[in-house]
Amino acid sequence: MAIEGRSRIRIGTVAAALLIALGSDPATAADVDPLRTADASTTVPSNLLSELEAFLRQRRVVTEDLTADQMVAVMIDWYRFSSARTAGDSAGDTLQYRYGAWSEGCATGFKLSLLRRTGAGADRVAGITLMFEPSSKAEIAAFSTSSTDWPSIERFLEAVQASPAFRQFGSARPMGVMLERGGLR
């Protein structure tokens, strides 16, 4: 590979060059996901958010198109089928469902989140938050529950689906979707 003048090489180009040198197909260079291909027994520095992002890429989930019912389904699948690397943490693996009004300065909204916590630390909490226009949601009181509050994941899912916020806009399109990392409020 020749580098001319001051041109820059993108990381993907370097990865493709390394794969070619190792005898791999360069077409798969962009598809290599170190979180998905790494040996689970190997300690890989990562955080839960990057594991969620890898799961969403693997499932080809377009987060901007998620509704509440789709978001809950993908988060339950991630919880059930993707074991998070807890690196010796004994705090467990739990889901936290929460919703309520949100305001920052002149910006307001109604947030509905499903987060996963595996162990201690801000890098061990990640999930998806949907933001809705707040005018019709003002009467819904804030709510929070954890999967540890219910005898099974099925009962937790039933509690989520029975909640007033989920019933009101389970299939409604949110005004915004974000992946979230950090502490639970």
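Here the structure is a predicted model, which means the values were calculated and not measured.

K.L.:
Explanation requested: the sheet that holds strand β2 (residues 107–118) in the structure shown.
P.N.:
Neighbouring strands of a sheet are bound in pairs by backbone hydrogen bonds; such pairs are parallel or else antiparallel. One open sheet holds the five strands; their spatial order is β4-β1-β2-β3-β5, and the pairing between them is antiparallel. This sheet does not close on itself; its edge strands, each paired only once, are β4 (143–146) and β5 (176–181). Going from strand to strand, the sheet's axes swing by 15° on average, the running direction of each strand aside. Of the pairings in the sheet, the one linking β2 to strand β3 (residues 125–132) comprises eight bridges and is antiparallel in character. Across the sheet, residue Arg116 finds its bridge partner in β3, namely Ala126.

K.L.:
Whenever I open this one, the confidence of the model for the chain confuses me. Can you help?
P.N.:
Detailed conclusions should not be drawn from predicted coordinates in areas where pLDDT is low. When the pLDDT values of the chain are averaged, the result is 74; 64% of them are 70 or greater. Taken element by element, the predicted model of the chain shows its lowest mean pLDDT in helix α1 (residues 11–21) (32) and its highest in helix α5 (residues 153–162) (96). Every residue in residues 1–45 is under pLDDT 50, and counting partners more than four places away or in other chains gives 23 contacts.

K.L.:
Is there a simple way to think about α5 in this case?
P.N.:
Think of an α-helix as 3.6 residues a turn; residues three or four steps apart then line up on the same face. Here α5 has its buried residues at Ile153, Phe156, Leu157, Ala159 and Val160. The buried residues of α5 all sit within an arc of 160° when viewed along its axis, so they share a single face.

K.L.:
It is not clear to me how the nonpolar core should be interpreted in this structure. Could you clarify?
P.N.:
Soluble globular proteins: nonpolar side chains tend toward being buried together. Counting residues in hydrophobic clusters, the biggest one holds 31 residues, and the most contacted among them are Met71, Tyr97 and Leu112. Mapped onto this core, the elements with two or more residues apiece are α3 (48–59), α4 (68–81), β1 (93–104), β2, β3, α5 and α6 (164–169). Residue contributions to this core peak at seven residues, all from α4. Ignoring sequence-local partners within four residues, the contact set of Met71 consists of Leu66, Leu112, Ser113, Leu114, Ile128 and Leu130.

Cut-offs applied
Residues numbered from 1 in each chain as written. Predicted model: local features only at pLDDT ≥ 70, side-chain atom pairs only at ≥ 80, totals over all residues. Heavy atoms only, no water. Pairing = 2+ DSSP bridges. Helix = DSSP H or I, 4+ residues; strand = E, 2+ residues; numbered from the N terminus. Axes fitted to C-alpha atoms, helices over the stretch in contact; angles between N-to-C directions. pLDDT = per-residue confidence, 0-100. Contact = heavy atoms within 4.5 Å. Buried < 20%, exposed > 50% of the residue type's maximum accessible area, 1.4 Å probe, protein only. Arc of directions from axis to C-beta. Core = buried A, V, L, I, M, F, W, Y, C linked by side-chain atoms within 4.5 Å.

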